[in-house]
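Structural overview for review
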Amino acid sequence: MKFLKFLITGVFFGIVLTKGQVISWYRIQEMFLFDSFHMYGVIGSAVALGIIVIQLIKRRELKSINGEKINIPDKDNKIISSLIGGIIFGLGWSFTGACPGPIFILIGNGMYIFIVVLISALVGTFTYGILKSRLPH
C-alpha cells in the first residue's frame, strides 16, 4: 500500500506517453530526421514546465511531501562533458528508438524486445558508475 501512489502515477504517466505517441518509434524517427515538430513540441513543453517548477520551488522555498526542504544545487557549466554525454544519450536513443523513461512503457505495451534495451541501459549505467572517477566532469 505504501507504494500505491507511485504505481498509480507511473501507470498514468505511461498512458499519457502512449496516447501522446511519445513512445512511437515512428515519431522518434521523425524527430531525428527533422520531419515533424511533434516530439520537439513535447520535449520543449516538458523543458518549459521543468523551468517553471524549479523556479517555483526555489523562489517559494517549497518543501517535499515529507516536509523536508528541497535543495536544488546550482550546476557547473561544463560544456565538453555535457556534449559527450548528450551525444552518447542521443545515439542510444536513435539506435533503440526509446529514451530511458518509455522503455518500461514499451515493455508494458507488449514490446518485449525492449527488455534487451532495458538490460543494455542498466549495463551502461553500471559501467558509468565504475568509470565515473576517470571521466571528465
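Throughout what follows, the structure given in this document is the object of discussion. Note that the structure is predicted; figures quoted are calculated from it, not measured. (Residues numbered from 1 in each chain as written. Predicted model: local features only at pLDDT ≥ 70, side-chain atom pairs only at ≥ 80, totals over all residues. Heavy atoms only, no water.)

1. Description of the overall build of the protein chain
Secondary structure assignment for the protein chain yields six helices and zero strands. Secondary structure elements of the protein chain occur, N-terminal to C-terminal, as α-α-α-α-α-α. Taking the principal axes of the C-alpha coordinates as reference, the protein chain spans close to 40 × 40 × 35 Å. In the protein chain, buried positions account for 17% of the 137 residues. Across the protein chain, every contact between residues at least 6 apart in sequence was considered, and the portion connecting residues at least 24 apart equals 35%. Across the protein chain, 13 positive and 6 negative side-chain charges occur, with their mean positions spaced 7 Å apart. (Helix = DSSP H or I, 4+ residues; strand = E, 2+ residues; numbered from the N terminus. Buried < 20%, exposed > 50% of the residue type's maximum accessible area, 1.4 Å probe, protein only. Contact = heavy atoms within 4.5 Å. Lys, Arg positive; Asp, Glu negative; His and termini not counted. Charge placed at Lys NZ, Arg CZ, Asp CG, Glu CD.)

2. Remarks on the nonpolar core
One finds Met-39, Trp-93, Ile-103 and Phe-114 to be the most contacted residues of the largest nonpolar core, which totals 16 residues. Looking at this core, the elements with two or more residues in it are helix H2 (25-32), helix H5 (100-108) and helix H6 (114-131). Dropping the residues within four chain positions of it, Trp-93 is found in contact with Ile-28, Met-31, Phe-32, Met-39, Ile-43, Ala-98 and Cys-99. (Core = buried A, V, L, I, M, F, W, Y, C linked by side-chain atoms within 4.5 Å.)

3. What about helix H1 (residues 4-19)?
With 16 residues, H1 extends 22 Å from end C-alpha to end C-alpha; this agrees with the ideal 22 Å at 1.5 Å per step. Following H1 by one or two positions, Gln-21 has its phi on the positive side, about 60°. (Expected span 1.5 Å × (residues − 1).)

4. Focus: unusual backbone geometry
Although it is not a glycine, Gln-21 sits at a positive phi angle of roughly 60°. Counting through the fold element by element, Gln-21 comes out in the loop between H1 and H2. Judged by its relative accessible area of 36%, Gln-21 is partly exposed. Notably, Phe-34 is not glycine yet its phi reads approximately 60°, a positive angle.

5. Re the packing of H2 against helix H4 (residues 79-96)
Taken N-terminus to C-terminus, the directions of H2 and H4 make an angle of 130°; their axes are 9 Å apart at the nearest point. Classed by the angle they form, the pair H2 and H4 counts as oblique. For the pair H2 and H4, the crossing hand works out as left-handed. Touching Trp-25, Ile-28, Met-31 and Phe-32 of H2 are Gly-90, Trp-93, Ser-94 and Thr-96, all from H4. (Axes fitted to C-alpha atoms, helices over the stretch in contact; angles between N-to-C directions. Parallel < 35°, antiparallel > 145°, perpendicular 65-115°, else oblique. Left-handed = near helix turned anticlockwise from the far one by under 90°.)

6. Quick word on a nonpolar patch on the surface
On the surface, Ile-79, Ile-80, Leu-83, Ile-84, Ile-87, Ile-88, Leu-91 and Phe-95 cluster together to form a nonpolar patch covering roughly 860 Å² of accessible area. Tracing the backbone shows Leu-91 in helix H4. Assessed through its relative accessible area of 41%, Leu-91 is described here as partly exposed. (Patch = residues over 30% accessible without salt bridge, like charges linked within 9 Å, V, L, I, M, F, W, Y side chains within 5 Å. Areas by Shrake-Rupley, 256 points an atom, 1.4 Å probe, with all protein chains shown as cover. Salt bridge = Lys/Arg side-chain N within 4 Å of Asp/Glu carboxyl O.)

7. Regarding H4
For H4, built from 18 residues, the straight-helix expectation of 26 Å at 1.5 Å per residue is met to within 8% by its first-to-last C-alpha distance of 25 Å. Gly-97 sits one or two residues past H4 and shows a positive phi near 80°.

8. A look at the side chain of Glu-30
Note on placement: Glu-30 falls in helix H2. For Glu-30, a relative accessible area of 12% corresponds to the buried category. Here Arg-27 takes part through its side chain, which lies 3.1 Å from a polar atom of the side chain of Glu-30. Contact partners of Glu-30, with chain neighbours within four places excluded, come to Asp-35 and Ser-36. (Polar contact = N/O pair within 3.5 Å; in protein donor to acceptor, adjacent residues only side chain to side chain.)

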